[in-house]
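What follows is the residue order along each chain.
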Amino acid sequence: MPQENQPSTATRRQVLAAAALGAAGTVLPASTASAAGELITRPIPGTGERLNAVGLGTFMTFDTVPGAPTANLREVLRRYWEIGGRIVDTSPLYGASEANLAAFAAEMDIKSEMFVTNKIWATGEYLWDDGVAARSLRNSVARLSDDGKIEVVQCHNLVNVDCHVPLLHAWKKEGRVRYLGVTHHDVNYYGPLASWVERGELDFVQVRYSIATRQAEERILPAAADRGVAVLVCMPLEKARLHHLVAGREVPGFAREFGIRTWAEYFLKWIISHPAVTCALPATTNPDHLLDNVAAMRGPLPDPELRNRMLRHVESIPGFDRLEAMPWYPGKRFNGLVSRAQAEMRRRSPWWPA
């Protein structure tokens, strides 16, 4: 995997301490940004293994019903791979996403080189029964692995986390997974998520963080830096809501002067410039949008002043303060297994969360 330029002498914690002085946080020093032809990478704190700063998510986007066309999704993965991308996030919970990813990877003969971050949801039929989780892991390994293990397995959305974290540590000790972590995207659960980062002896945490949703800066990102936990960022583009907000608007001149050409670069560079962030995980069904996303891994990253300016500019756009009330994926429609099951539950149930 392409390497990042020489690291700064400042520690992650020192840089994060400086972040507390500014409303928008801080960034890695300019010396750690990539040259134009290199991909920005980040180390996993515990091992030094380097990961792409922009990965590939698969929630909703890689989920299809049987017989649906998948050529565009295969092309998304192919283009990501071609430019040097290796980290892909998925889950058995994402409908057909894991199976589709596995099929594409097998066709491309890249299973042995992919860095897969995966998830589990439930341990078993009764407390401390690991039967369901073990079966889920076996299925994921059979689909995605050539060496009998998955790189990262995470407790998804803290479900049954008191059982899952010990189980994940057991799997790591037994050599069934390389790294373990926990996830959540809902800011209402950031307190418990931070607590697990602080005490769970984790390798990874996956959390929602964007230019519009910055609560992870308060406790989770500093805790990850303190404990040497790698940070995966879900919903970096807010499920297409950020692009909907800026539709029809040009990237501001000050950002273009810096070399940022698209809004995808704008939003993703803002995220990966935070020193605690290891990898952002945007998802797309559009191969051209994939190229916009991975472009954020090239060129310099914003310094603290520019990062603050980027935030202030987006805050000035009408509707920014109402982004959270906007439905996910405005103007888009997915027709995978998850979407169909969700629609059926909406039909059956007299109550649906706001």
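For the structure, check the block above.
Basis of the calculations
- Along each chain, the written sequence defines residue order, and numbers are assigned to residues from 1.
- Local features in this predicted model are restricted to residues of pLDDT 70 or higher, and side-chain atom pairs are both shown and tallied only at a pLDDT of 80 or more, whereas totals for entire chains, interfaces and linings draw on every residue.
- Side-chain numbers come from the whole structure's heavy atoms, not from hydrogens or water.
- Of the grid points, spaced at 1 Å and generated over the protein atoms alone, those admitting a 1.4 Å probe that cannot get out make up cavities, while open sets with protein on both sides within 12 Å along at least five of seven lines make up pockets; any residue with an atom within 4 Å of a point is treated as lining.
- Grid points are joined across faces, edges and corners, and a volume is the space filled by probe spheres set on the points.
- To qualify as a helix, a DSSP run of H or I must reach at least 4 residues; to qualify as a strand, a run of E must reach at least 2; elements of each kind are numbered from the N terminus.
- The nonpolar class holds Ala, Val, Leu, Ile, Met, Phe, Trp, Tyr, Cys and Pro. Asp, Glu, Lys and Arg form the charged class, and all remaining residues, Gly among them, are polar.
- Only strands that DSSP links by at least two bridges are regarded as paired with each other.
- Only the six-membered ring of Trp is used, alongside the rings of Phe and Tyr, when aromatic pairs are assigned; centres must lie within 6.5 Å, and planes under 30 degrees apart are stacked while those over 60 apart are edge-to-face, with the rest tilted.
- Accessible area is worked out with a 1.4 Å probe on protein chains only. A residue is then buried under 20% of its type maximum, exposed over 50%, and partly exposed in between.
- The positive count covers Lys and Arg only, the negative count covers Asp and Glu only, and His and the chain ends enter neither.
- Whenever a carboxyl oxygen of Asp or Glu lies within 4 Å of a side-chain nitrogen of Lys or Arg, that contact is scored as a salt bridge.
- Only heavy atoms matter for contacts: two residues are in contact if any of them lie within 4.5 Å across the pair.

*Asks:* Explain empty space enclosed by the protein here, please?
*Replies:* Rolled over the atoms, a probe sized like a water molecule indicates the empty space that remains. Throughout the structure, instances matching the rule amount to 1 cavity of 30 Å³ or more. Of the volumes computed, that of the largest cavity is approximately 30 Å³. Taken together, Asn118, Lys119, Ile120, Ser136, Leu137, Ser140, Ile150 and Val153 form the lining of the largest cavity. Where the lining of the largest cavity is concerned, the elements lending two or more residues are β4 (115-120), α4 (131-144) and β5 (150-155). Here the residues of the lining of the largest cavity are counted per class, giving 4 nonpolar, 3 polar and 1 charged.

*Asks:* Looking at this model, I keep getting lost on the sheet that holds strand β7 (residues 204-208). Mind explaining?
*Replies:* By way of backbone hydrogen bonds, the strands of a sheet pair with one another, either parallel or antiparallel. With parallel pairing, 7 strands are arranged side by side in an open sheet as β3-β4-β5-β6-β7-β8-β9. Two strands in the sheet have a free side with no partner beyond their single neighbour: β3 (87-89) and β9 (279-280). Where strand β8 (residues 230-234) meets β9, 2 bridges bridge the pair, whose relative direction is parallel. For Leu232, the partnering residue across the bridge sits in β9 and is Cys279.

*Asks:* Which parts of the structure should I look at to understand the packing of aromatic side chains?
*Replies:* Applying the stated criterion across every chain yields a total of 12 aromatic pairs. Here Phe59 and Trp328 contribute two aromatic rings whose centre-to-centre distance is 6.3 Å and whose plane-to-plane angle is 85°, an arrangement assigned as edge-to-face. On the criterion of sequence distance, the pair formed by Phe59 in the loop between β2 (50-52) and α2 (71-82) and Trp328 in the loop between α12 (304-315) and α13 (337-348) is long-range, its members being 269 residues apart. Look at Phe59 and you get partly exposed, because its relative accessible area is 23%. Of the residues examined, Trp328 reaches a relative accessible area of 36% and is grouped as partly exposed. Seen from their ring centres, Trp263 and Phe267 are 5.5 Å apart, and the 25° between their planes marks the pair as stacked.

*Asks:* Which parts of the structure should I look at to understand the side chain of Lys239?
*Replies:* Residue position: Lys239 is located in the loop between β8 and α8 (241-245). Buried Lys239, no salt bridge; nearest opposite-charge side chain is Asp89, N-O distance 8.4 Å. Those residues in contact with Lys239 that lie beyond four places of it in its chain are Phe59, Trp328, Tyr329 and Pro330.

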